[in-house]
Amino acid sequence: MGLKIGIIGLPNVGKSTLFHALTKQEVLIANYPFATIDPNVGVVTVRDERLLKLARFSHSKKVIPAAIEFVDIAGLVGGASEGAGLGNAFLSHIREVDALCQVVRVFQNSDIIHVAETPDALRDFEIINLELVLKDLETTMKLQEKIGSEARSGDKKKIEESEDLKRIKHILEAGRLLSQANLSDAEGKIAGTYNLLTIKPMLVIFNISDKEVSEIWQPGEDLMKRLGDIPYLSIPIGIESEAATMEEVQANEFRSLVGISSSSLDLVTRAAYGRLGLITFFTTGEDETRAWTIEKDAKAPRAGRAIHSDFEDKFIRAEVIPWDALLRSGSWAGAKEHGRIRIEGKEYTVKDGDVIEFRI
Ligand SMILES: Nc1nc2c(ncn2[C@@H]2O[C@H](COP(=O)(O)OP(=O)(O)OP(=O)(O)O)[C@@H](O)[C@H]2O)c(=O)[nH]1
Ligand SMILES: [Mg+2]
């Protein structure tokens, strides 16, 4: 499953710097707004200790981690939905992604230009959200016109869609993100079908300075309220970007100088998984050990489909064992002997960390 995350935010807040830290790709990082015009795209493999331990256990020739694609999108400014700054070009890039990672600048540094002179996390966060909301409002109104005229012919489905759109519009008019409003299944489906921007799960990264390590900096009360259930991380992106160019030992020494224990970047992928409701299961053997990404609550046949489209229909049963139980058993045969490998059918809900062998 290709998972795509878009990095958004005001210009010059450190989006490309974060992208560089994550993907280690050389991109234009510059102290002027709108340095990025065309999006940068890079794939990051998800670091997972369980995968490495399983691969060692199975003496696998190949290790295949899960991957996330990051897209570094051009900066947005107030009025972007109506064409200000680089205008609407950004929107098509945002439409394509599964989740949004919003970078909000916290670090103070008068040498680094800020489009509104000084950073203000709450205000800046609101500017970006408002642009997304306004764009969704525009899309919704266009849809209402189209679907409304179809509904007048008496089409029952269109009448229902029209009602759903009305409520969606209401939420947007109140300036709220759809992801934060309790949408009904039908409303959620419409928002997804028409690719509305604010239904996409969001994750916020506060770009803190090297002097404000995460233990110290916390969002203020108003900002916390506005974040609601949106997960956030505080990361000194500048530090991580520099550390990205070093060997691991050296990088950790460098991090410890500013009081961070290990790479905070791993937290980004983990938070993204959590936010998107994704889990990992494994397949392991001498040929390869591989991590697979599926939705939480997926049943075993659906998990099979992650491996091969055939596997869902041809699914007979799955042999399942939690990864750590397998390691403790010493071998697959040993685990079998001790009855630790369970035989599961079509109704089995896959758990994070399961090692699965499919019988088809
Ligand atoms: N001091 C400090 N500077 C940073 C940090 N992160 C980024 N910068 C600097 O801020 C400037 C802008 O960084 P970019 O990563 O290019 O910003 P961007 O958000 O991609 O900007 P646009 O592409 O123009 O929208 C560069 O000069 C960076 O070196 C940080 O954590 N601390
Ligand atoms: Mg950039």
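Look above for the structure.
Residues numbered from 1 in each chain as written. Chains lettered and ligands numbered in written order. Predicted model: local features only at pLDDT ≥ 70, side-chain atom pairs only at ≥ 80, totals over all residues. Heavy atoms only, no water.

Attention now moves to the overall build of the protein. Counting secondary structure elements, the protein contains 14 helices and 12 strands. For the protein, with 360 residues in total, the buried portion stands at 50%. Residue pairs at least 24 apart in sequence account for 68% of intrachain contacts in the protein once pairs closer than 6 positions are excluded. For the protein, the accessible surface area stands at approximately 17600 Å², while carbon and sulfur atoms represent 51% of it. The average position of the 45 basic charges and that of the 55 acidic charges among the side chains of the protein differ by 5 Å. (Helix = DSSP H or I, 4+ residues; strand = E, 2+ residues; numbered from the N terminus. Buried < 20%, exposed > 50% of the residue type's maximum accessible area, 1.4 Å probe, protein only. Contact = heavy atoms within 4.5 Å. Areas by Shrake-Rupley, 256 points an atom, 1.4 Å probe, with all protein chains shown as cover. Lys, Arg positive; Asp, Glu negative; His and termini not counted. Charge placed at Lys NZ, Arg CZ, Asp CG, Glu CD.)

Attention shifts here to the sheet that holds strand 2 (residues 40–45). Reading across from one edge, 2-4-1-5-6-7 is the order of the six strands in this open sheet, with mixed pairing throughout. Only two strands of the sheet have a single partner each, and these edge strands are strand 2 and strand 7 (232–235). Taken pair by pair, the neighbouring strands of this sheet meet at an average axis angle of 25°, ignoring direction. Examined bridge by bridge, strand 6 (residues 202–207) and strand 7 share four bridges and lie parallel to one another. In the sheet register, Asn207 faces strand 7, and the bridge partner there is Ile235. Taken strand by strand, helix 10 (residues 265–276) contacts strand 1 (3–8), strand 4 (67–72), strand 5 (99–105), strand 6 and strand 7, and its axis lies near 155° from that of strand 6. (Pairing = 2+ DSSP bridges. Axes fitted to C-alpha atoms, helices over the stretch in contact; angles between N-to-C directions.)

We now examine the pattern of salt bridges. When charged atoms on two side chains of opposite charge get close, those side chains can pair. What the rule picks out here adds up to 24 salt bridges. For Lys61, the salt bridge is made with Asp287, and the minimal N-O distance between the two is 3.3 Å. Taken as a pair, Lys61 in the loop between helix 2 (49–58) and strand 3 (62–64) and Asp287 in the loop between strand 8 (278–284) and strand 9 (288–295) lie far apart in primary sequence, 226 residues in all. Like Asp287, Lys61 is exposed. For Asp310, the salt bridge is made with Lys314, and the minimal N-O distance between the two is 3.0 Å. Its relative accessible area of 32% is what places Asp310 among the partly exposed residues. The class for Lys314 is partly exposed, based on a relative accessible area of 46%. When salt bridges that share partners are traced, they join Arg317, Glu319, Lys336, Glu357 and Arg359 into one network. (Salt bridge = Lys/Arg side-chain N within 4 Å of Asp/Glu carboxyl O.)

Peptide bonds are, in most cases, trans, and in most cases residues other than glycine have a negative phi. At Asn12, a position not held by glycine, the phi torsion is positive, near 65°. Note that Asn12 resides in the loop between strand 1 and helix 1 (15–23). Residue class for Asn12 comes out buried when judged on its relative accessible area of 12%. Here the phi dihedral of His59 falls at roughly 50°; this positive angle occurs in a residue that is not glycine. Relative to the elements of secondary structure, His59 occurs in the loop between helix 2 and strand 3. Here His59 falls in the exposed class, since its relative accessible area comes to 64%.

When strand 1 meets strand 4, the two strands line up parallel, connected through five bridges. Bridge pairing in strand 4 links Ile5 to Phe70. Bridge count between strand 2 and strand 4: six bridges; the pairing is antiparallel. In the sheet register, Thr45 faces strand 4, and the bridge partner there is Ala67.

With 81 residues, the main nonpolar core has Leu18, Phe70, Ile94, Leu132 and Phe206 as its most contacted residues. Top contributing element to this core by residue count: helix 4 (residues 121–151), with eight residues. Of the residues that make up this core, three or more belong to each of domain 1 (3–274) and domain 2 (297–359). In contact with Leu18, other than residues within four places in its own chain, are Ile7, Cys101, Val103, Ile205, Ile237 and Leu265. (Core = buried A, V, L, I, M, F, W, Y, C linked by side-chain atoms within 4.5 Å. Domains from an automatic or database assignment.)

Relative to the helices and strands, Ile127 is located in helix 4. Owing to a relative accessible area of 23%, Ile127 belongs among the partly exposed residues under this scheme. Counting along the chain gives 47 residues from Ile127 to Ala80, while the straight-line C-alpha distance between them is 9.9 Å. Ignoring sequence-local partners within four residues, the contact set of Ile127 consists of Leu10, Val77 and Gly78.

The subject of this paragraph is the site of ligand 1. Taken together, 22 residues sit near ligand 1, with Lys15, Thr17, Phe34, Ala35 and Thr36 positioned nearest. A distance of 3.5 Å separates an oxygen atom of ligand 1 from a polar atom in the backbone of Gly75. In the model, an oxygen atom of ligand 1 is placed 3.0 Å from a nitrogen or oxygen of the Asn207 side chain. For ligand 1, whose free accessible area comes to 660 Å², the fraction covered by protein is 86%. (Near = heavy atom within 4 Å. Polar contact = N/O pair within 3.5 Å; in protein donor to acceptor, adjacent residues only side chain to side chain.)

Another aspect to go through is the packing of helix 4 against helix 5 (residues 156–173). A pair of packed helices is characterised by two quantities: the angle between their axes and the separation of those axes. In the contact formed by helix 4 and helix 5, the axes pass within 9 Å of each other and the chain directions differ by 155°. For the element pair helix 4 / helix 5, the angle class is roughly antiparallel. In this structure, helix 4 crosses over helix 5, and the sense of that crossing is left-handed. Taken together, the residues of helix 5 that come into contact with helix 4 (itself represented by Val133, Asp136, Leu137, Thr140, Met141, Leu143, Gln144, Ile147, Gly148, Glu150 and Ala151) are Lys158, Ile159, Glu161, Ser162, Leu165, Lys166, Ile168, Lys169, Leu172 and Glu173. Of the residues in the contact of helix 4 with helix 5, the class split is 10 nonpolar, four polar and seven charged. (Parallel < 35°, antiparallel > 145°, perpendicular 65-115°, else oblique. Left-handed = near helix turned anticlockwise from the far one by under 90°. Nonpolar A, V, L, I, M, F, W, Y, C, P; charged D, E, K, R; others polar.)

These figures come from the coordinates and say nothing about function on their own.
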